[in-house]
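Overview (structure and organization)
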Amino acid sequence: MDETDHQLISLLRQDARLSVAALAAKLGVSRGTVTNRIRRLEDNNVIVGYTVRLRPDVQCNEIKAWMSIAVEGNQTRAVIARLLGEPGVATLHDTNGRWDLLAELRAENLQALAKVLERIRLLKGISNTETSIHLETYRLSS
């Protein structure tokens, strides 16, 4: 996968209902290029389906985790682009301090979370990670 593939996946993650023409315009490529890339990504099981995103409070039966990520050298932008193409990354934050990035991960179950962790840890430019699973969320009432 090249940078265009990552950008395409990122756009689809934001709105999988974008037309091929809209995707092509945003990427600065032809509609045929977008169609061929989507087909190749599907054939290679990079894209395995399209889904609906729900409000977080509606999704009660899923595993949520935070992953702190250390980036090697000056590769933050490239790592961010790759992470935005990862379906298990729900949100991604640039931070300061010990960790460079903080990703909120979501998965259907522990097995699916393990696969997300493995894919992320293998990304070029990531030197170290630390993951914590959400057990319970507390909110202060006003």
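The preceding data block contains the structure.
Residues numbered from 1 in each chain as written. Predicted model: local features only at pLDDT ≥ 70, side-chain atom pairs only at ≥ 80, totals over all residues. Heavy atoms only, no water.

With that settled, the discussion passes to the pairing of strand E3 (residues 101-107). By the criterion of burial, E3 is predominantly enclosed, with 6 of the 7 residues buried. Pairing of strand E1 (residues 63-71) with E3, which is carried by 7 bridges, proceeds in the antiparallel orientation. Looking across to E3, one finds that serine 68 is bridged to leucine 102. With 5 bridges joining them, strand E2 (residues 89-94) and E3 adopt antiparallel strand pairing. Bridging from a neighbouring strand, valine 89 pairs with leucine 105 of E3. Hairpin connection between E2 and E3: a loop of 6 residues separates the two successive antiparallel strands, and glycine 97 in this loop has a positive phi of roughly 100°. (Buried < 20%, exposed > 50% of the residue type's maximum accessible area, 1.4 Å probe, protein only. Helix = DSSP H or I, 4+ residues; strand = E, 2+ residues; numbered from the N terminus. Pairing = 2+ DSSP bridges.)

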